Amino acid sequence: MSNQTGILYIVATPIGNLQDFSPRAQSILHAVKLVAAEDTRHSRQLLDHFGISTPLQALHDHNERHLTHTLLQRLQAGDSIALISDAGTPLISDPGYHLVAAAQAEHLPVIPIPGPCALIAALSVAGLPTDHFVFEGFLSAKATARRHRLESLAQETRTMIFYETPHRLLDCLTDMTQVFGQGRVIVLAKELTKLFETVQKDTLANLIDWLTAQPERQKGEFVLVVQGAPPPDEKTVSPETQRVFQILRQELPLNQAAKLTSQITGISRNVLYALGLEK
Ligand code: SAM
């Protein structure tokens, strides 16, 4: 073992429910020489609960670069190390990126121990397309930067996932309403795996009403999953064309309605046919 390097394990921990802590994750935390954790007091409680006495070392945004050098030396000396965060999967809106990149640059093995992740849990129950999606993490705390970021996403057709804090939730949703429109569908996934778990799916306007009707609904941890913009083809079909198409569709099979609408409006028959299928 002495001339072998250690392994850096990236270990997911529960996002609420302790039963989501996998047996494999537990045995890795038992086995390694050191657990690097965002908040050692918080993580000590988790480790104590599972009877794991491995030493902890704080690794957070402020000391990650500085500490990376020391951790690489220990890995090179043969000690395996696990990285965990306060909850969920490390590096996902959490520290660890510099450490992983530096370990790879030194050809040290980095192994994931997968498990809970709030964005994936939320996406899995959102009932919005999952074939393509984009994770945006936290929007800026500054109103102008947040607004700009949202504007850059106005034409994004993929499902969009955001993390948000309770005190910025309403401001963020109000900005989304202005950029994406009141009718855009959003899923608010709150307190996942915890006692007050709630998944609320509605339009942006209705979700704001729901949150303001009972302000305690704004408390907790949230993931926002937002429907993507309509595909470009649909947007090129003007409301008037859609109206004509709709009337003909009520009387005719899809292919004939598409053909006639195309002759009347000049819009491609294929585009109309695809639109009809989607609807
Ligand atoms: N690394 C974590 C992961 O894998 O999801 C995310 C860490 S990030 C600092 C914390 C944010 O994740 C919260 O502000 C919230 O947006 C989201 N989050 C974490 N736990 C959650 C839960 N149980 N329910 C809903 N959202 C959660």
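Remember, predicted model here, so these are calculated numbers, not experimental data.

Basis of the calculations
- Residues numbered from 1 in each chain as written.
- Predicted model: local features only at pLDDT ≥ 70, side-chain atom pairs only at ≥ 80, totals over all residues.
- Heavy atoms only, no water.
- Pairing = 2+ DSSP bridges.
- Helix = DSSP H or I, 4+ residues; strand = E, 2+ residues; numbered from the N terminus.
- Axes fitted to C-alpha atoms, helices over the stretch in contact; angles between N-to-C directions.
- Core = buried A, V, L, I, M, F, W, Y, C linked by side-chain atoms within 4.5 Å.
- Buried < 20%, exposed > 50% of the residue type's maximum accessible area, 1.4 Å probe, protein only.
- Contact = heavy atoms within 4.5 Å.
- 1 Å grid on protein atoms, 1.4 Å probe; cavity = no way out; pocket = protein on both sides within 12 Å on 5 of 7 lines; lining within 4 Å.
- Points joined across faces, edges and corners; volume = space filled by probe spheres on them.
- Nonpolar A, V, L, I, M, F, W, Y, C, P; charged D, E, K, R; others polar.
- Polar contact = N/O pair within 3.5 Å; in protein donor to acceptor, adjacent residues only side chain to side chain.
- Domains from an automatic or database assignment.
- Phe/Tyr/Trp six-rings, centres within 6.5 Å; stacked < 30°, edge-to-face > 60°.

1. Some thoughts on the sheet that holds strand S3 (residues 56–58)
Then, in step 1: Taken together, the five strands give an open sheet; going across it, the order is S3-S2-S4-S1-S5, and neighbouring strands pair in parallel fashion. Of all strands in the sheet, those bounded by a partner on one side alone are S3 and strand S5 (110–113). Direction aside, neighbouring strands of the sheet carry axes that sit 25° apart on average.
Then, in step 2: With four bridges joining them, strand S2 (residues 34–37) and strand S4 (residues 81–84) adopt parallel strand pairing.

2. What to know about the nonpolar core
Then, in step 1: Ranked by internal contacts, the top residues of the largest apolar core, which has 23 residues, are Phe162, Leu173, Met176, Phe180, Ile186, Leu188 and Leu224.
Then, in step 2: With six residues, the single largest contributor to this core is helix H7 (residues 169–180).
Then, in step 3: Sequence-distant contacts of phenylalanine 162, that is, excluding residues within four places in its chain, are made with Glu136, Gly137, Leu139, Leu150, Leu153, Met176, Phe222, Val223, Leu224 and Val226.
Then, in step 4: The next biggest cluster of nonpolar side chains, apart from the first, holds 17 residues, and it includes Tyr9, Leu29, Leu47 and Leu56.

3. Regarding the layout of surface pockets
Then, in step 1: Its boundaries defined by the atoms lining it, the largest pocket holds a volume of some 500 Å³.
Then, in step 2: Taken together, 25 residues make up the lining of the largest pocket; nearest its centre are Ala87, Ala118, Phe138, Tyr163 and Glu221.
Then, in step 3: Put simply, the parts of the chain that give the lining of the largest pocket at least two residues each are strand S7 (159–164), strand S8 (185–190) and strand S10 (222–226).
Then, in step 4: Residues that form the lining of the largest pocket fall into these classes: twelve nonpolar, five polar and eight charged.
Then, in step 5: Reported here for the second largest pocket is a volume of approximately 230 Å³.
Then, in step 6: Lining the second largest pocket are 15 residues, and of these Pro14, Leu18, His42, Leu46 and Asp86 sit closest to its centre.
Then, in step 7: Of the residues assigned to the lining of the second largest pocket, the class counts are five nonpolar, seven polar and three charged.

4. A few points about the side chain of threonine 54
Then, in step 1: Topologically, threonine 54 is positioned in the loop between helix H2 (40–49) and S3.
Then, in step 2: Of note is the side chain of threonine 54, whose polar atom sits 2.5 Å from the backbone oxygen of leucine 29.

5. Describing the domain arrangement of the protein
Then, in step 1: Its domain assignment divides the protein into domain 1 (8–116), domain 2 (119–226) and domain 3 (234–278).
Then, in step 2: Computed from C-alpha atoms alone, the centre-to-centre distance between domain 2 and domain 3 is 33 Å.

6. Let's talk about unusual backbone geometry
Then, in step 1: Non-glycine residue leucine 91 carries a positive phi angle of around 75°.
Then, in step 2: Positive phi outside glycine occurs at histidine 107, with the angle close to 60°.
Then, in step 3: Along the polypeptide, histidine 107 turns up in the loop between helix H4 (97–105) and S5.
Then, in step 4: Classification of histidine 107 as exposed rests on a relative accessible area of 72%.

7. Considerations on the packing of aromatic side chains
Then, in step 1: Enumeration according to the criterion identifies three aromatic pairs in this entry.
Then, in step 2: Relative to phenylalanine 50, the ring of phenylalanine 21 lies with its centre 4.9 Å away and its plane at 75°, an arrangement referred to as edge-to-face. Of this pair, phenylalanine 21 sits in the loop between strand S1 (8–11) and helix H1 (23–31) while phenylalanine 50 sits in the loop between H2 and S3, and the two are 29 residues apart along the sequence. Comparing phenylalanine 21 with phenylalanine 50, the two get one shared label, buried.
Then, in step 3: Considering the side-chain rings of phenylalanine 138 and tyrosine 163, the 5.7 Å spacing of their centres and the 65° angle between planes classify their relative orientation as edge-to-face.

8. A few points about the sheet that holds S8
Sheet strands pair by backbone hydrogen bonding; their relative direction is either parallel or antiparallel.
Then, in step 1: If you walk across this open sheet you meet the five strands as S6-S7-S10-S8-S9, and the pairing is mixed. On the outer flanks of this sheet lie strand S6 (133–138) and strand S9 (198–203), each paired with one strand and no other. In this sheet, adjacent strand axes meet at a mean angle of 15° when their direction is disregarded.
Then, in step 2: As paired elements, S6 and S7 share five bridges and run parallel to each other. Its bridge partner being in S7, glycine 137 is matched across the sheet by phenylalanine 162.

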